[in-house]
Amino acid sequence: MDTLLLARLQFATTTSFHFLFVTLSLGLVVFVAGMQTAYAVSGKAVYARMTKFWGTLYVINYALGIVTGLVMEFQFGLNWGGLSEVAGNVFGAPLALETLIAFFVEATFLGMWIFGWNRLPKWIHLALIWLVAVAAYASALWVLAANAFLQNPVGHEMRDGRAYLTDFGALLRNDSLTDSLPHVVSAALLAGGLFVAGISAWHFIRRTDEVEVFRRSLRWGVVAAPVGAFSTIHFGFLQEVAIERYQPMKLAVIYQEPARLAAARQLMLQRFGPGDFAPPSWIAIPYQIMMNGAFVLALATLACLVLLFRNWLIRLRVPLYALVVMMPVPFILMITGWLVREVGRQPWAVYGLLTTEQAVSDVPPGLVLASYVGFTLVLGLLVVLDGWLIATYARRGPRHTLFGTTLAEPARDRLTAY
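Quick notes on the rules
- Residues numbered from 1 in each chain as written.
- Predicted model: local features only at pLDDT ≥ 70, side-chain atom pairs only at ≥ 80, totals over all residues.
- Heavy atoms only, no water.
- UniProt positions renumbered as here; feature names shortened; annotations may be inferred.
- Salt bridge = Lys/Arg side-chain N within 4 Å of Asp/Glu carboxyl O.
- Buried < 20%, exposed > 50% of the residue type's maximum accessible area, 1.4 Å probe, protein only.
- Helix = DSSP H or I, 4+ residues; strand = E, 2+ residues; numbered from the N terminus.
- Core = buried A, V, L, I, M, F, W, Y, C linked by side-chain atoms within 4.5 Å.
- Contact = heavy atoms within 4.5 Å.
- Pairing = 2+ DSSP bridges.
- Axes fitted to C-alpha atoms, helices over the stretch in contact; angles between N-to-C directions.
- Left-handed = near helix turned anticlockwise from the far one by under 90°.
- Nonpolar A, V, L, I, M, F, W, Y, C, P; charged D, E, K, R; others polar.
- Expected span 1.5 Å × (residues − 1).

As annotated in an unreviewed UniProt entry, the protein chain carries the name Cytochrome ubiquinol oxidase subunit I and is attributed to Microtetraspora malaysiensis. Reading the Sequence similarities (unreviewed entry) entry of the UniProt record for the protein chain gives the comment "Belongs to the cytochrome ubiquinol oxidase subunit 1 family." Its UniProt record gives the protein chain the following Subcellular location (unreviewed entry) comment, quoted word for word: "Cell membrane".

*Asks:* Help me understand the pattern of salt bridges in this model?
*Replies:* On inspection of all chains with the given rule, the structure shows 10 salt bridges. In this structure, Asp-167 engages Arg-173 in a salt bridge whose closest nitrogen and oxygen atoms are separated by 3.1 Å. The exposure class of Asp-167 is partly exposed, given its relative accessible area of 31%. The partner of Glu-244 in a salt bridge is Arg-260, with the nearest N and O atoms 3.9 Å apart. Of this pair, Glu-244 sits in helix H8 (residues 211–246) while Arg-260 sits in helix H10 (residues 258–272), placing them 16 residues apart in sequence. We classify Glu-244 as partly exposed; its relative accessible area is 33%. Put simply, Glu-212, Arg-215 and Arg-216 are held in one network by salt bridges that share partners.

*Asks:* Would you mind showing me how to read the nonpolar core here?
*Replies:* One broad rule of soluble globular proteins: the nonpolar side chains tend to lie buried together. Counting residues in each nonpolar core, the largest one holds 70 residues, and the members touching the most others are Trp-54, Leu-218 and Leu-323. A per-element tally of this core places helix H2 (residues 45–79) first, with 12 residues. Those residues in contact with Leu-323 that sit more than four places away from it in its chain are Leu-194, Ala-197, Gly-198, Ala-201, Leu-218, Val-222, Cys-304 and Leu-313. In terms of nonpolar packing, the next biggest core, distinct from the first, is built from 34 residues, Ala-7, Trp-80, Ala-146 and Leu-177 among them.

*Asks:* Help me understand the pairing of strand E2 (residues 162–165), please; the structure alone is not making it clear to me.
*Replies:* On a regular strand, each side chain points to the face opposite its neighbour's, so the side chains alternate between the two faces of the sheet. With 4 bridges connecting them, strand E1 (residues 156–159) and E2 associate as antiparallel partners. Within the sheet, the bridge partner assigned to Glu-157 lies in E2 and is Tyr-164. A loop of 2 residues connects E1 with E2, the two strands running antiparallel in sequence, and Asp-160 in this loop sits at a positive phi of about 55°.

*Asks:* Sorry, what's going on with the environment of Lys-122 here?
*Replies:* For Lys-122, the location among the structural elements is in helix H4 (residues 122–151). Classification of Lys-122 as partly exposed rests on a relative accessible area of 43%. The sequence separation of Lys-122 and Ala-40 amounts to 82 residues, and the corresponding C-alpha distance is 6.8 Å.

*Asks:* Would you mind showing me how to read the packing of H8 against helix H11 (residues 284–309) here?
*Replies:* Each pair of packed helices can be described by the angle between their axes along with the distance between the axes. Relative orientation of the contacting elements H8 and H11 amounts to 145°, with a least axis distance of 8 Å. Crossing handedness for the pair H8 and H11: left-handed. Contact with H8, carried on its side by Arg-219, Val-222, Val-223, Ala-225, Pro-226, Ala-229, Phe-230, Ile-233, Phe-237 and Glu-240, involves Tyr-287, Met-291, Ala-294, Phe-295, Leu-297, Ala-298, Thr-301, Leu-302, Cys-304, Leu-305 and Leu-308 of H11 and no other residues of that element. Here the residues of the contact of H8 with H11 are counted per class, giving 18 nonpolar, 1 polar and 2 charged.

*Asks:* Can you walk me through H10 in this structure?
*Replies:* Compared with an ideal rise of 1.5 Å per residue, which puts 15 residues at 21 Å, H10 spans 21 Å between its outermost C-alpha atoms and is within 8% of the ideal. Residue Gly-273 follows H10 closely and has a positive phi angle near 85°.

*Asks:* What is the right way to read helix H7 (residues 180–205) from this model?
*Replies:* An α-helix turns once per 3.6 residues; consequently, residues spaced three or four apart project the same way. Taking 1.5 Å as the rise per residue, H7 with 26 residues should run 38 Å; its terminal C-alpha atoms sit 37 Å apart, in good agreement. For H7, the buried fraction is high: 22 of the 26 residues fall into the buried class. Two residues or fewer after H7 comes Arg-207, characterised by a positive phi angle close to 60°.

*Asks:* Sorry if this is basic, but what is going on with the environment of Ala-201 here?
*Replies:* On the secondary structure map, Ala-201 appears in helix H7. If near-sequence neighbours (up to four positions away) are discounted, Ala-201 is found in contact with Leu-218, Leu-320, Leu-323 and Val-324.

Have a look at this one:
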């Protein structure tokens, strides 16, 4: 195995692991902020229990996700020295902003929120969780802006073989960003909605005492999931329109239409001269998984929404089990979508400017292999630990003492709730 292949495998692995944490954090923080808003406005104790229960799961996922982000930053310096040298002046700026927001601003507000229960005024404490949510999505914006430059380099000029930023606004107007950001946000909403609905459904299957907490949570999740699903599909198709303009070979390989392939090859010949600029044909497989899975989820979540409004969702066992089974599906689809986006860019690290072969660092394969194995083991352990902690705390349900405060006992209305 050579350095390039190992570096690409390491980037794919670490990014996929990190993406799991990011997806859940982006999706779940909206629910936590919304539930606390409902508590602040209505004063109902059930919303306090909901906020603290889902907030606990959010904090667990966020804390472990930060560690995976550190690994992501490290591998750029180790494996992709050529990329940093040629394009670091441009894509490094949004990455620096993301690091500042995620590791300092977002973490600071989250810490204040955790320790601010019953210590800060109600509205200030509510503002903190919304600031956490805003910082989380601002962080996602800068990551996607950096990635969009790699997909479709804009706002720069080349001087002595290096890219220099000339128009920062162009990074935010990039065609590769304007549709990918709402696509990712929608997918996170879908993942968060099914996460909330699936755990709530599991508690109803077990005949929980926390009826009101999980009945309301189930409603929130089931309403949000189809909105996220159909929005994800919508912005996914909009992305294809933009990709046709700046990466026509990607779609040509995916659809395998002879006329489209011939036109794309001719365009590559005109732009870059002789050479093989086609991504591997296997990207059509994750593309089909992503597309078919998204449509199935959209229809399934819509069916659950209909059952919810007809008051059948909790009474019927099958939809509850279906919601539990669907919980991991959005995360799988997110990974397949990322594979299509990144591998479909090959053989370019920065499309049209720098190939992955030119971007990789000149380091021995053994060093990359050692870091790959070590990081994969660490990240795998973090994923397992995250899943175990979330499952443990989700199974317990709302606790009476969370974040240093005591909650009232839940209402015991099991017999009238089903």
